[in-house]
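Examining the three-dimensional arrangement
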Amino acid sequence: MAENLAAAAAAPARDTRFLGQPMGLLSLFVTEMWERMSYYGMRGLLVLFMTAAIADGGLAIGTATAVAIYGLYTASVYFMGLPGGWIADRMIGSQKAIWYGGIVIMCGHIVLAIPSDKTFFLGLILVVLGTGLLKPNISAVVGQLYSSDDERRDSGYAIYYMGINIGSFIGYTVCGYLYENNGIHWAFGASAIGMALGLIYFWFSRKQLNGAGELPAAPLSASANQKSWLVIIAFLVILAGVTALIMSGTLSFDPIAVSKFVAVFFVATFVVYFGWVYFLGNLSPVEKKGMWAFLLICIASTMFWSGFEQAGSSLNLFGQDFTNRMVNGFEIPTTWLQNVNPFFIITLTPFFAVFWIWLGKRMMTPGYGLKMGVGLIIMGLGFVVMIFAAQAAAQGKVAIFWLVLTYFLHTVGELVLSPISLSAVSKLSPPRFLGQMMGLFVLTYSMGNIVAGLLAGGFDPENVSEMPALFTTIATFAIGVGAVVLLVGLFTKGWEKEVETANMANRAAYD
């Protein structure tokens, strides 16, 4: 679960009231825990609900179309974090972005809970808009609780990350149970309640933040602020109009075609912006080396998330249709299988922290490219497991063990790749372009998610014999790209050290 962006700011006093951390971290921990409960609880049900027969309370949408919609949804959530962060930094401040974003998310889940198929996509749009406001800014406020030289920052983010995974565990468990026993709209209603609990806690605990994120970091002038609001209102009006036309049937909407277009648009945006910074950013030769290392990391990140995000689509459907979920007479809800990831994240994180320290003491710290390549290969091995699982499924439902092993490998790959990638971007980017490079890196999450939806379109529950080919394709690309990244990383490790040294010397000039 790749999800932590920090913005450094000085804290007025050292507060140690929450596990040795500032008390404001508890406010953000609990708020984010409930927001993630609502997000993952609902996300784990989307494809299952869309592909279920109408008689079973679903939408009876074809698998390829459903997973394309899922890919568009998850990609949009990450993409909207870019304007959401800008609005907070320049217009309303992070605290207001969190508050209003949470309200919009809650409204989206309430709309989804209404037993009407016509309002389903409206609910998704509201969740996307609200998450775009809340998610990047609550992560940023965590960083603002600490002074620039506070050594507790990393451990604070580790605690915060635990909140994310505890929230996802609660979401998958509660919403999955309600979906299986009471229906989809009860599950969506539970997501709305979860977000409401997070909002209530945030409102009464926000004073613990001691002003962190209360005001815009770089406010616009009065005229620029007015123009920006006009642009935002115009965007919302156009979005509402297009949504109304689609819901009425006046305007046709092909999710697969739109996904392909959006994928090309994201890639083109990345290439153009990267090229603009590289060729027109007046970079030094050392900074250009850092940009090549940055590009390598972005390629690995995109490929990783395109495979990892199969958890909510093709792997989710495999768990529902081809996995024997009976344990001692109790049938495990499909979404509970996705709890394997947060469970392993929580249990394995301390071991990885110790492992990196152990390597560092022996002067064997791998370069960023090497770590990213290894993480990608490990994730690809999870799909090698699924090749055998799909072959076995042709004879009947398979044991839960196959998915558990796959999710375990994916989690190990995530722990190797995801935290390292954020650290690498912060250290390898030219100091004066750091914020923009972080935003460009976040775009890899969107690219990975949209590609994940297109790949999952090859999953056809009616043709079991074709499933091994799908998982073989994903495994081949993941392991192949991982091997290339690993090999190139052998050559870029020296660049990384050179770039880090140069950026540390120059960063003070841009802070």
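Quick notes on the rules
- Residues numbered from 1 in each chain as written.
- Predicted model: local features only at pLDDT ≥ 70, side-chain atom pairs only at ≥ 80, totals over all residues.
- Heavy atoms only, no water.
- Helix = DSSP H or I, 4+ residues; strand = E, 2+ residues; numbered from the N terminus.
- Rg over C-alpha atoms; globule rule 2.2 N^0.38 Å.
- Buried < 20%, exposed > 50% of the residue type's maximum accessible area, 1.4 Å probe, protein only.
- Contact = heavy atoms within 4.5 Å.
- Areas by Shrake-Rupley, 256 points an atom, 1.4 Å probe, with all protein chains shown as cover.
- Lys, Arg positive; Asp, Glu negative; His and termini not counted.
- Charge placed at Lys NZ, Arg CZ, Asp CG, Glu CD.
- Polar contact = N/O pair within 3.5 Å; in protein donor to acceptor, adjacent residues only side chain to side chain.
- Axes fitted to C-alpha atoms, helices over the stretch in contact; angles between N-to-C directions.
- Parallel < 35°, antiparallel > 145°, perpendicular 65-115°, else oblique.
- Left-handed = near helix turned anticlockwise from the far one by under 90°.
- Nonpolar A, V, L, I, M, F, W, Y, C, P; charged D, E, K, R; others polar.
- Core = buried A, V, L, I, M, F, W, Y, C linked by side-chain atoms within 4.5 Å.
- Expected span 1.5 Å × (residues − 1).
- 1 Å grid on protein atoms, 1.4 Å probe; cavity = no way out; pocket = protein on both sides within 12 Å on 5 of 7 lines; lining within 4 Å.
- Points joined across faces, edges and corners; volume = space filled by probe spheres on them.

**Here's the deal with the overall build of the chain**
Helix and strand counts for the chain come out as 16 helices and 2 strands. Here the chain has a C-alpha radius of gyration of 22 Å; the compact-globule value for 511 residues is 24 Å, and the two agree. On the principal axes, the C-alpha backbone points of the chain span a range of 65 × 50 × 45 Å. Burial status across the chain gives 54% buried among its 511 residues. Considering only intrachain contacts with a sequence separation of at least 6, the fraction spanning at least 24 residues in the chain is 84%. Of the roughly 21,500 Å² of accessible surface on the chain, a fraction of 70% belongs to carbon and sulfur atoms. One finds the centroid of the 26 positive side-chain charges in the chain at a distance of 9 Å from the centroid of its 26 negative side-chain charges.

**Let's talk about the environment of T406**
Turning to its location among the elements, T406 is positioned in helix α14 (residues 401-428). It is 9.3 Å that separates the C-alpha atoms of T406 and G380, two residues lying 26 residues apart in sequence. The contacts of T406, once residues within four sequence positions are left out, are L315, G382, V385 and M386. Engagement of the side chain of T406 in a polar contact is seen with the backbone oxygen of G382, the distance being 3.2 Å.

**Focus on the packing of helix α10 (residues 285-308) against α14**
Running from N to C, α10 and α14 cross one another at 150°; their axes reach a closest spacing of 10 Å. Viewed along their axes, α10 and α14 adopt a mutual orientation that is roughly antiparallel. In the packing of α10 onto α14, the handedness of the crossing is left-handed. Contacts between α10 and α14 involve G290, A293, F294, I297, A300, F304, W305, G307 and F308 on the former and, on the latter, H410, G413, E414, L417, S418, S421, A424, V425 and L428. Partitioned by chemical class, the residues of the contact of α10 with α14 number 11 nonpolar, 6 polar and 1 charged.

**Quick word on the nonpolar core**
Residues Y73, F120, F270, F294, F318 and F471 are the most contacted members of the largest nonpolar core, which totals 142 residues. Of all the elements, helix α1 (residues 23-51) adds the most residues to this core, at 17 residues. Apart from residues lying up to four places away in sequence, F318 is in contact with T323, M386, A389, A390, A393, V398, L403, F459 and M467.

**Here we look at helix α2 (residues 63-79)**
For α2, built from 17 residues, the straight-helix expectation of 24 Å at 1.5 Å per residue is met to within 8% by its first-to-last C-alpha distance of 24 Å. A large share of α2 lies buried, amounting to 13 of its 17 residues.

**Section: the layout of surface pockets**
Reported here for the second largest pocket is a volume of approximately 1,200 Å³. Lining the second largest pocket are 31 residues, and of these S76, I125, L239, I246 and F253 lie nearest its centre. At the level of elements, α2, α5 (120-144), α8 (222-248) and α9 (255-280) are the ones that each hand at least two residues to the lining of the second largest pocket. By residue number, the principal contributor to the lining of the second largest pocket is α8, which donates 7 residues. Residues that form the lining of the second largest pocket fall into these classes: 25 nonpolar, 4 polar and 2 charged.

Keep in mind that these numbers describe shape and distance, not what the molecule does.
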